[in-house]
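One-letter residues, chain by chain:
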Amino acid sequence: MSKLLSVSVPDDLLSEAEALARAQRKTKSEVVRDALRRHLLLERFYDLQRYGHEQAERRGVGPEDVESLVDQTRRGQD
């Protein structure tokens, strides 16, 4: 089921969205839905990235430790 969502956008952004829709042979709604999906995925990725940084910091793991940790994991060591 779909719901109607009204969004106000500046004229220049609307023009770009319309041009993109024409170029991709999509409706403006499809372009906006695609953009919203991408934005939500990107936010989830940033959340996971922040979580990973927090966990690494909590464990005292820095960028210099990554290669040896990957090697240990591949060898099945803890």
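About the thresholds
Residues numbered from 1 in each chain as written. Predicted model: local features only at pLDDT ≥ 70, side-chain atom pairs only at ≥ 80, totals over all residues. Heavy atoms only, no water. Helix = DSSP H or I, 4+ residues; strand = E, 2+ residues; numbered from the N terminus. Buried < 20%, exposed > 50% of the residue type's maximum accessible area, 1.4 Å probe, protein only. Lys, Arg positive; Asp, Glu negative; His and termini not counted. Charge placed at Lys NZ, Arg CZ, Asp CG, Glu CD. Patch = residues over 30% accessible without salt bridge, like charges linked within 9 Å, V, L, I, M, F, W, Y side chains within 5 Å. Areas by Shrake-Rupley, 256 points an atom, 1.4 Å probe, with all protein chains shown as cover. Salt bridge = Lys/Arg side-chain N within 4 Å of Asp/Glu carboxyl O. Expected span 1.5 Å × (residues − 1). 1 Å grid on protein atoms, 1.4 Å probe; cavity = no way out; pocket = protein on both sides within 12 Å on 5 of 7 lines; lining within 4 Å. Points joined across faces, edges and corners; volume = space filled by probe spheres on them. Nonpolar A, V, L, I, M, F, W, Y, C, P; charged D, E, K, R; others polar. Phe/Tyr/Trp six-rings, centres within 6.5 Å; stacked < 30°, edge-to-face > 60°. pLDDT = per-residue confidence, 0-100.

Peer 1: Explain the overall build of the chain to me, and be specific about the residues and the numbers.
Peer 2: Looking only at helices and strands, the chain features three helices and zero strands. Its C-alpha atoms give the chain principal-axis dimensions of roughly 55 × 30 × 25 Å. Counting only residues that meet the buried cut, the chain has 5% of its 78 residues in that class. Distance from the positive charge centre (14 side chains) to the negative charge centre (15 side chains) of the chain: 10 Å.

Peer 1: So what's going on with a nonpolar patch on the surface? Residues and values would help.
Peer 2: A cluster of nonpolar side chains, Leu 5, Val 7, Val 9, Leu 13 and Leu 14, forms an exposed patch at the surface whose accessible area comes to about 440 Å². Looking at the secondary structure, you find Val 9 in the segment before α1 (11-24).

Peer 1: Could you give an account of helix α2 (residues 28-59), naming the residues involved and the relevant values?
Peer 2: The end-to-end C-alpha distance of α2 is 47 Å, a good match for the 46 Å that 32 residues give at a rise of 1.5 Å each. Note on α2: the residue one or two positions beyond its end, Gly 60, has a positive phi of about 75°.

Peer 1: Can you lay out the layout of surface pockets for me, pointing to particular residues and giving the numbers?
Peer 2: There is about 720 Å³ of room inside the largest pocket. Forming the boundary of the largest pocket are 23 residues, of which Lys 28, Ser 29, Val 31, Val 32 and Arg 33 lie nearest the centre. Secondary structure elements with two or more residues in the lining of the largest pocket: α1 and α2. Looking at which element gives the most residues to the lining of the largest pocket, the answer is α2, with nine residues. Partitioned by chemical class, the residues of the lining of the largest pocket number twelve nonpolar, four polar and seven charged.

Peer 1: A description of the packing of aromatic side chains should follow, citing residues and the corresponding values.
Peer 2: Here a ring pair, both rings aromatic, is described through the centre-centre distance and the interplanar angle of the planes. For the coordinates displayed, the defined rule picks out one aromatic pair. Their ring planes at 55° and their centres at 6.0 Å tell us that Phe 45 and Tyr 46 sit as a pair that is tilted. The exposure class assigned to Phe 45 is partly exposed, which follows from its relative accessible area of 44%.

Peer 1: Outline the confidence of the model for the chain, supporting the account with residue identities and numerical values.
Peer 2: Counting all residues, the mean pLDDT for the chain is 94, and 97% of those residues have values of 70 or more. When mean pLDDT is compared element by element in the chain, α1 scores highest at 98, while helix α3 (residues 66-75) scores lowest at 91.

Peer 1: Please set out α1 residue by residue, giving values where relevant.
Peer 2: In a regular helix each residue adds 1.5 Å, so 14 residues correspond to 20 Å; α1 covers 20 Å between its end C-alpha atoms and thus fits that length. Immediately downstream of α1, the backbone of Arg 25 shows phi near 55°, a positive value.

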